[in-house]
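Observations on chain architecture
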Amino acid sequence: MLAGLAILGAFPVVRSLLVADLNLCYPYLTADSYDWISNGLFWAGRPVLASLRPPGLPLLIAALSKLGALSLLPVMNFLFLGLSTAFLYLLLRERHDAWIAATAGWFFFANDAVLDLAKYVLAETYATPFLVLAALAFVRAGRDLRWYVVMGGALGAAFLFSYAAVPAGIGLALAVLAVRKGDVRCRELWIGALATVAVALSWFAVRTWFHQAHPDAPRHDFEALLRPTFSNLTSHAFSGVSLLGLLLIPLYAWGAVRLLAGDTVGQRYRAAALWAASAILVFVVFFYDWADKRFLVYVLPFFTCALAEGLDGLRRFAEQGRLASLASAAFLAACLLWNQIRYPSYGFGYLALSPMHFLEAGRTTESNLKIVLHLKGARVVRLHGTLASGFSRGLFDPRPSPPPCALADPGFACLGTLKIAADRVLGEGQPIGFRPPASWTTDRLQSFIRLRNVVERPVVEPAAAEVSLAGVEAAPGADFSRPPFLARCGPYVLVHTR
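So, here's what we can say about the structure. Here the structure is a predicted model, which means the values were calculated and not measured. Every residue gets a number counted from 1 within its own chain, in the order that chain's sequence is written. Local features in a predicted model are, by the rule used here, given only for residues with pLDDT of at least 70; side-chain atom pairs are given and counted only at 80 or more, and totals for whole chains, interfaces and linings are based on all residues. Think of the side-chain values as coming from all heavy atoms in the structure, minus any hydrogens and water.

Numbering of helices and strands starts at the N terminus; helices are DSSP runs of H or I of at least 4 residues and strands are runs of E of at least 2. Helix and strand content of the protein: 18 helices and eight strands. The globule rule used here is 2.2 Å times the number of residues to the 0.38 power, and the radius of gyration it is set against is calculated over C-alpha atoms. For 498 residues, the compact-globule formula gives about 23 Å, and the C-alpha radius of gyration of the protein, at 25 Å, lands near that figure. Counting only C-alpha atoms, the protein reaches 85 × 60 × 45 Å along its principal axes. Per-residue accessibility, obtained with a 1.4 Å probe over protein chains only, is compared with the maximum for each type, and a residue is labelled buried under 20%, exposed over 50%, and partly exposed between these values. When each of the 498 residues of the protein is scored for burial, the buried share is 54%. Throughout, a contact is declared for two residues whenever any of their heavy atoms are within 4.5 Å. Sequence separation of at least 24 residues holds for 72% of the intrachain contacts in the protein that already meet a minimum separation of 6. For every accessible area listed, the method is Shrake-Rupley and the probe measures 1.4 Å; residues are considered covered only by the protein chains on display. For the protein, the exposed area adds up to about 21,800 Å²; of that, 65% sits on carbon and sulfur atoms. Once the 43 positive and 32 negative side-chain charges of the protein are each reduced to a mean point, those two points are 4 Å apart. The positive count covers Lys and Arg only, the negative count covers Asp and Glu only, and His and the chain ends enter neither. For this purpose, a charge sits on NZ of Lys, CZ of Arg, CG of Asp or CD of Glu.

Below is the structure:
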């Protein structure tokens with residue numbers, strides 16, 4: 001029943017995300033998102049040099065692009081979110097009955113932060129189902145060793161979407177040693193391990209060869225962020241509490257105690273949740289020098305195992321009498337509502353204190369542009385005017401509609417016209433300069449990568465290119481503001497800059 005409700009509830013938000021052009025019109029894009037699209041265009045055979053992020057999502061983007069259906073990517077996002085929830089339900093059923101598993105799964109699926117992240121073109125939504133499947137396979141390997149092969153295949157698939165599969169794999173390896181050391185001698189475990197390693201090494205070999213062959217190509221240089229750090233601790237603690245929900249923290253904590261003190265029957269289940277979550281958390285908090293709430297979505301399914309234990313404890317408490325039953329029902333209803341408090345989109349710097357009031361963390365920016373959250377300078381802000389407006393519109397709300405975006409509008413159509421004009425004077429792979437017009441996003445990096453996806457060539461500062469594109473409102477006296485132009489169309493001009 002809840003699966004049907006999930007499909008019905010997600011339909012309005014998915015419908016609101018369908019746009020005419022993903023790169024030009026879609027509202028849920030970050031600088032990383034535009035780079036994922038660039039990588040997809042590269043795999044689709046377009047003349048764009050990719051940064052070579054993990055190939056899973058780019059290959060999906062390439063396939064949709066080849067089919068002329070790239071605007072359907074948001075639908076795929078929600079299908080993968082549904083897949084995560086389905087695997088999570090099966091994992092929870094290894095220990096709980098259908099009611100507990102379904103309710104806990106609903107808390108994951110309907111979480112406002114999870115639903116918000118699923119709108120963005122990012123890899124977390126795509127890697128998560130395979131991480132959950134790997135944990136499920138580990139648990140079932142206790143009954144049939146062939147599930148270790150599935151575990152290895154799932155980790156390999158997760159790796160193709162995100163390098164978070166590496167710490168997750170380490171966590172599950174530690175889980176094997178913790179609960180069943182004898183399994184290290186079984187053939188199925190090593191087949192699964194070799195499958196994971198083969199995928200990882202093959203991809204790194206391709207990536208290394210590509211960057212040696214194309215030294216000037218942009219790089220997804222995640223290695224530069226691999227170093228010990230303690231500055232993520234407060235950021236992830238703040239974001240983690242907001243992700244779980246302040247009201248739900250006692251339920252998670254109660255469930256965690258019950259899970260850790262559980263019987264030996266659930267030993268493999270407990271080890272899968274504990275070791276997978278711990279390994280990923282240790283990595284993103286202490287060894288990856290970037291802080292983002294979205295990284296915690298990798299561990300939320302494993303935290304949901306603790307939530308399920310808390311729900312089971314709440315149900316047992318409700319059996320003690322009518323008053324306990326009423327109190328439990330009221331608390332569960334409040335938790336379900338709290339789980340859908342509406343945060344600002346991608347609002348990792350906020351913690352809901354009520355549906356209307358939020359604690360806004362203080363922020364500092366480090367030298368590598370990482371934003372660090374802390375309580376110094378934190379303040380309480382009111383983000384919603386009414387109680388009703390404080391709840392997520394991600395489910396069961398037909399009001400959201402696609403953003404207005406007519407590709408015939410000069411703001412979009414002229415980019416194609418000026419691309420043709422630039423192609424006549426620039427050689428293949430030669431960069432074009434860009435001065436973003438006022439109507440574009442204020443994020444300069446996003447603007448540059450977005451244009452790169454349109455003109456299919458490197459985009460640089462105007463002084464570093466022979467030909468540049470800019471808005472017609474460019475500063476008076478600059479070459480952009482006076483003829484002769486190479487071309488002019490709508491809000492843009494194309495000029496020689498050197």
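Bringing the pairing of strand 4 (residues 432–435) into the picture now. Two faces make up the sheet, and in a regular strand the side chains alternate between them. Two strands pair if DSSP finds at least two bridges between them. When strand 4 meets strand 5 (residues 459–460), the two strands line up parallel, connected through two bridges. When the sheet's bridge partners are listed, Gly433 is paired in strand 5 with Val460. Regarding topology, helix 18 (residues 444–455) serves as the crossover connection from strand 4 to the parallel strand 5, and that connection is right-handed. Of the pairings in the sheet, the one linking strand 4 to strand 6 (residues 467–471) comprises three bridges and is parallel in character. Paired with Gly433 across the two strands is Ser468, which belongs to strand 6. Handedness of a crossover is defined as follows: orient the strands so they point away from the viewer, and if the path from the first strand over the helix to the second runs clockwise, the crossover is right-handed.

Only Phe, Tyr and Trp rings take part, Trp by its six-membered ring, and two of them pair if their centres are within 6.5 Å. Stacked means planes under 30 degrees apart, edge-to-face means over 60, and tilted covers everything else. Applying the stated criterion across every chain, the model contains 24 aromatic pairs. Ring geometry for Tyr343 against Phe358: centres 5.2 Å apart, planes inclined by 80 degrees, an arrangement best described as edge-to-face. Within this pair, whereas Tyr343 is found in the loop between helix 16 (322–338) and strand 1 (350–352), its partner Phe358 is found in strand 2 (residues 357–365), the two being separated by 15 residues in sequence. As far as the burial class goes, Tyr343 and Phe358 line up, both buried. Taken together, the aromatic side chains of Tyr26, Tyr28, Tyr120, Tyr346 and Phe348 make up a single cluster linked through ring pairs. Two conditions define a charge sitting above a ring: the NZ of Lys or the CZ of Arg must be within 6 Å of the ring centre, and it must be within 35 degrees of the ring normal. We note Arg53 situated over the ring of Trp36; from NZ or CZ to the ring centre the distance is 5.1 Å. Positioned above the aromatic ring of Phe138, the side-chain terminus of Arg268 is 4.5 Å from the ring centre.

This paragraph deals with helix 6 (residues 98–110). Multiplying 1.5 Å by the helix residue count minus one yields the expected span of that helix. The end-to-end C-alpha distance of helix 6, which contains 13 residues, comes to 18 Å, matching closely the 18 Å that a straight helix rising 1.5 Å per residue would cover. The buried count for helix 6 comes to 10 of 13 residues, which makes it a mostly enclosed element. By the burial criterion, the buried members of helix 6 are Ile100, Ala101, Thr103, Ala104, Gly105, Trp106, Phe107, Phe108, Phe109 and Ala110. Measuring from the backbone nitrogen of Trp99 back to the side-chain oxygen at the start of helix 6 gives 3.1 Å, which picks out Asp97 as the cap. The definition of a polar contact used here is a pair of N or O atoms within 3.5 Å, where within protein one atom must be able to donate a hydrogen and the other to accept one, and adjacent residues in sequence count solely through side-chain atom pairs.

Here we take up the packing of helix 15 (residues 300–318) against helix 16. Between helix 15 and helix 16, whose axes approach to 7 Å, the crossing angle comes to 150 degrees. For the element pair helix 15 / helix 16, the angle class is roughly antiparallel. Residues Leu311, Leu314, Phe317 and Ala318 of helix 15 form the contact with helix 16, whose participating residues are Ala324, Ser325, Ser328, Phe331 and Leu332. Ten residue types, Ala, Val, Leu, Ile, Met, Phe, Trp, Tyr, Cys and Pro, are classed as nonpolar, four, Asp, Glu, Lys and Arg, as charged, and the remainder, Gly among them, as polar. Among the residues making up the contact of helix 15 with helix 16, the classes are represented as seven nonpolar, two polar and no charged. The convention used is that axes are lines fitted to C-alpha atoms, helices contributing only their stretch in contact, and that angles between N-to-C directions extend from 0 to 180 degrees. Throughout this description, any angle smaller than 35 degrees is read as roughly parallel, any larger than 145 degrees as roughly antiparallel, any in the 65 to 115 degree range as roughly perpendicular, and the remainder as oblique.

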